[in-house]
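Survey of secondary and tertiary structure
Listed here are the chains, written in short residue letters.
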Amino acid sequence: MLQIQDTLVTLDLIEDFFVCDLDTCLGACCIEGDAGAPLTEEEYEHLCEILPEIYPMLTPAAQKVVEEQGVGYYDEEGDLVTSIVNGRDCVFTTYAPGGKCLCVLEKAWREGKIKNFKPESCYLYPVRLKEYAGFTAVNLHHWKICKCARVLGKKKGIRAYEFLKEPLIRKFGEEWYKELDTTAKEYLRQKEAGEL
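Notes on the structure follow. (Residues numbered from 1 in each chain as written. Predicted model: local features only at pLDDT ≥ 70, side-chain atom pairs only at ≥ 80, totals over all residues. Heavy atoms only, no water.)

Considering a negative patch on the surface
A contiguous patch of negative charge on the surface is contributed by Glu 41, Glu 42, Glu 45 and Glu 49. Among the secondary structure elements, Glu 45 is positioned in helix H3 (residues 41-54). (Patch = residues over 30% accessible without salt bridge, like charges linked within 9 Å, V, L, I, M, F, W, Y side chains within 5 Å. Areas by Shrake-Rupley, 256 points an atom, 1.4 Å probe, with all protein chains shown as cover. Salt bridge = Lys/Arg side-chain N within 4 Å of Asp/Glu carboxyl O. Lys, Arg positive; Asp, Glu negative; His and termini not counted. Charge placed at Lys NZ, Arg CZ, Asp CG, Glu CD. Helix = DSSP H or I, 4+ residues; strand = E, 2+ residues; numbered from the N terminus.)

Put into C-alpha cells, the structure is as follows:
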C-alpha cells in the first residue's frame, strides 16, 4: 500500500493495467452479481429526487421494481444498494442494439436531463473504497468479468490508476491525483530497476 494524503492505495491500482472494454464485456458489471451498486444515503436521496426525469428511460421491468421497492434497498450485509431486476440487472440498466448494457443515469446526464452523474461506486469501478478511522483504503476489485479490461489495458499500456484519472480526481481532487501519479511513477521506476 502507498499512503497518499489520508488514503492508503493498494499497489494493484498502480501495477495492474486496465481499460474498460465495453465492446467485449457488454457492460457485465451492471448486470452480474447478487446485489445492486453500493449507494450512500445522499445518493439514494438524489436518485429519488431525479426519478421523475429518468423514469421514462427505465425498462418496464425496472419501472415495476422501482414502484414496488424504490430505487434502492439494504442487502443481506446491511449495505444500501441500487434495486435490481430479476435478481441481477441494476434498475438503471438499459440495452443498446447488440445487447450492450448502458446506464440510464449516465445517458440522462450526457443528454443534460440531470445535473449529477451516476453513483460514485459505479463511476470509480473497479476501485472500491473502505472507510476506516482516520483514513480511506483505495482498493482495486478483481472480478473475472473484467479480464478483457486487463487485457486491453496491457495492450494499450494504461495502468488502472491512469484509466481512472477522472473519477479519482472527482473523488479526491487534483492535488491528490498529482501526488498519486508522481508516487506511482517513482514506484514503477524503482520496481523496474530492481530497487524494491
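Section: the pairing of strand E10 (residues 135-140)
Both strand E2 (residues 7-9) and E10 contribute to a ladder of three bridges, which runs parallel. Within E10, the residue paired with Thr 7 across the bridge is Thr 136. Summarising the sheet, strand E9 (residues 127-132) and E10 pair through six bridges and their orientation is antiparallel. Residue Val 127 lies in a different strand from E10, and its bridge partner there is Leu 140. Hairpin connection of E9 to E10: two residues between the antiparallel strands, including Gly 134 at a positive phi of 95 degrees. (Pairing = 2+ DSSP bridges.)

Points about the environment of Pro 119
Relative to the helices and strands, Pro 119 is located in the loop between helix H5 (104-110) and helix H6 (120-124). Relative accessible area serves as the criterion here: at 5%, Pro 119 is assigned to the buried category. The spacing of Pro 119 and Leu 47 is 72 residues in sequence and 9.0 Å in space, taken between C-alpha atoms. Ignoring any residue separated from it by four or fewer positions in sequence, one finds Pro 119 in contact with Pro 38, Leu 39, Glu 43 and Leu 105. (Buried < 20%, exposed > 50% of the residue type's maximum accessible area, 1.4 Å probe, protein only. Contact = heavy atoms within 4.5 Å.)

What about unusual backbone geometry?
In this chain, Tyr 125 is followed by Pro 126 through a cis amide linkage whose omega measures 20 degrees. Relative to the elements of secondary structure, Pro 126 occurs in the loop between H6 and E9.

Remarks on the packing of aromatic side chains
Under the criterion given, the structure shown has five aromatic pairs. Between Phe 18 and Phe 163, the aromatic rings sit 5.8 Å apart at their centres with planes inclined by 50 degrees, giving tilted as the arrangement. Of the two residues, Phe 18 is situated in the loop between helix H1 (12-15) and helix H2 (22-25) and Phe 163 in helix H8 (residues 160-163); the sequence distance between them amounts to 145 residues. Using a relative accessible area of 3% as the deciding quantity, one classes Phe 18 as buried. (Phe/Tyr/Trp six-rings, centres within 6.5 Å; stacked < 30°, edge-to-face > 60°.)

Digging into the pattern of salt bridges
Side-chain pairs of opposite charge can arise whenever the charged atoms involved come near each other. Going through the model one piece at a time under the given rule, you end up with twelve salt bridges. Here Asp 181 and Lys 185 are joined by a salt bridge, their closest N and O atoms 3.0 Å apart. Placement of both Asp 181 and Lys 185 in helix H10 (residues 174-192) is noted, with a separation of four residues, approximately one turn of the helix. The class of Lys 185 is partly exposed, set by a relative accessible area of 48%. Across the pair Arg 189 and Glu 186 runs a salt bridge, and its minimum N-O distance is 2.8 Å. Here the residue Arg 189 and the residue Glu 186 both occupy positions in helix H10, the gap between them amounting to three residues, near one helical turn. Residues joined by salt bridges that share partners form a network here, namely Glu 106, Arg 110 and Lys 118.

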